[in-house]
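Analysis of the macromolecular model
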Amino acid sequence: MPYLYTCRQCRTQAPERRDHHDDAEADQQAHRDAAHGGHRPLDGDGIAHVHAAARGDGWLPDGSCLAVLILLALVLANCWGR
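This report concerns the structure included in the present document. Per chain, residues are indexed from 1 in the order of the written sequence. Only residues with pLDDT of at least 70 are given local features in this predicted model, and only at 80 or more are side-chain atom pairs given and counted; all residues enter the totals for whole chains, interfaces and linings. Note that water and hydrogens are dropped before the side-chain values are worked out from all heavy atoms of the structure.

**Some remarks on helix H1 (residues 21-36)**
As a reminder of what qualifies: Strands here are runs of E lasting at least two residues and helices are runs of H or I lasting at least four, both read from the DSSP assignment and numbered beginning at the N terminus. Here a helix's expected span is defined as the number of its residues, less one, multiplied by 1.5 Å. The buried label applies to any residue whose accessible area, calculated with a 1.4 Å probe on protein chains only, is under 20% of its type's maximum; exposed applies above 50%, and partly exposed to all values in between. Each direction from the helix axis to a C-beta atom contributes to the arc, which is the arc of those directions.
Here H1 contains 16 residues, and its C-alpha end-to-end distance of 21 Å stays within 8% of the 22 Å for a straight helix at 1.5 Å per residue. All of the buried residues in H1 are Ala-24, Asp-27, Gln-28, His-31, Arg-32 and His-36. The buried side chains of H1 occupy one side of the element, clustering within an arc of 135 degrees when seen end-on. Exposed positions of H1 whose direction lies more than 90 degrees from the buried face are Asp-22 and Ala-34.

Below, the structure written as structure tokens:
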């Protein structure tokens, strides 16, 4: 599962999800350095697991794969209907 850094004080997130926790920690430190002088925000921040299916790399098919499956189902249904 990918990781995403979020700062609750700034109400912002890292621009992209990271595959490795260390990369998300780098986003966290870069934000702390740029926005908070290297300190931890008062309202907190954190790195969380996020669902991967929205990126198309989870167990659910992405949009193009889903479209092909639907098209295939329609073609097969048309063949069996005769």
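Read on for the rest.
**Quick word on the pattern of salt bridges**
Applied cut-off: We count a salt bridge whenever a side-chain nitrogen from Lys or Arg sits within 4 Å of a carboxyl oxygen from Asp or Glu.
Counted by the stated rule, this structure contains 3 salt bridges. One salt bridge in this structure joins Glu-16 and Arg-18, with 3.5 Å as the shortest N-O distance. Residue classification places Glu-16 among the partly exposed residues on the basis of a relative accessible area of 43%. Where salt bridges share partners, they join Glu-16, Arg-18 and Asp-27 into one cluster.

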